[in-house]
Amino acid sequence: PDPGRLLAMLRTLAWLALVNASAWSLGALLELRLPLPRALDGFRTLYRLGIGLALLALLVLLLASVHLLLAPAFGLLLLAPPAVYLLRGWTRVGQGGRACRFTRPSMAMGWIVAGYALLLVTSCFRALGDDPGWDALTYHLAFPERYLASNGVVMTPFSHLSGYIA
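Below you will find a few notes about this structure. All values reported here derive from a predicted model rather than from experimental measurement. (Residues numbered from 1 in each chain as written. Predicted model: local features only at pLDDT ≥ 70, side-chain atom pairs only at ≥ 80, totals over all residues. Heavy atoms only, no water.)

In this model, His67 sits at a positive phi of 60°, which is unusual for a non-glycine residue. Of the residues examined, His67 reaches a relative accessible area of 70% and is grouped as exposed. (Buried < 20%, exposed > 50% of the residue type's maximum accessible area, 1.4 Å probe, protein only.)

Take a look at the structure:
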């Protein structure tokens, strides 16, 4: 087992959590302008995530189109929405607005947390396991990559299986 792989996996999952927190915050801020109908209250978390991910994807494309998709700009893009959301909540409490109260999480939020927990546990087991063998690295990953890169079947001299795409 390589502890470096475990750290790399945990770093990747932290980035994934940051992307989702940013998307949820963007969705929550956008929900102020595009409210969800009362009949769909059970889908509020999914609505915020979905609309936030769509907006986040558009902002990433905007950064890429102006050649500013660099690590600092991307980090700022991911950190700004949660910061704005938290500051907005903090100022509302300071102005005598409704205080933040903790309520029971929705069923959708429970499934999202359960999914993250399952992803974390299975990834930890996979990161501590053996490296993928020859079959996975040579056939199942490399041949489809060559197929996509060349727009067709590529025959390679090192494997008699190169003509099969699966």
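So, about the pattern of salt bridges. Summed over all chains, the structure comprises 4 salt bridges. Across the pair Arg38 and Asp41 runs a salt bridge whose closest N-O atoms are separated by 3.4 Å. Judged by its relative accessible area of 71%, Arg38 falls in the exposed class. Asp41 is the partner of Arg44 in a salt bridge, and the nearest nitrogen-oxygen pair spans 2.2 Å. A residue is classified by how much of its surface remains accessible, and Arg44, at 22% relative accessible area, is partly exposed. The class for Asp41 is partly exposed, based on a relative accessible area of 31%. One continuous salt-bridge network, built from bridges that share partners, spans Glu31, Arg38, Asp41, Arg44 and Arg48. (Salt bridge = Lys/Arg side-chain N within 4 Å of Asp/Glu carboxyl O.)

Here we take up the packing of helix H2 (residues 44-65) against helix H4 (residues 107-128). Across the interface, H2 lies against H4 with an axial gap of 7 Å and an inter-helix angle of 60°. It follows from the interaxial angle that H2 and H4 lie oblique. Every residue of H4 that contacts H2 at Thr45, Leu46 and Leu49 is listed here: Ala108, Met109 and Ile112. Here the contact of H2 with H4 is composed, by residue class, of 5 nonpolar, 1 polar and no charged. (Axes fitted to C-alpha atoms, helices over the stretch in contact; angles between N-to-C directions. Helix = DSSP H or I, 4+ residues; strand = E, 2+ residues; numbered from the N terminus. Parallel < 35°, antiparallel > 145°, perpendicular 65-115°, else oblique. Contact = heavy atoms within 4.5 Å. Nonpolar A, V, L, I, M, F, W, Y, C, P; charged D, E, K, R; others polar.)

Bear in mind that shape data such as this cannot, by itself, settle questions of function.
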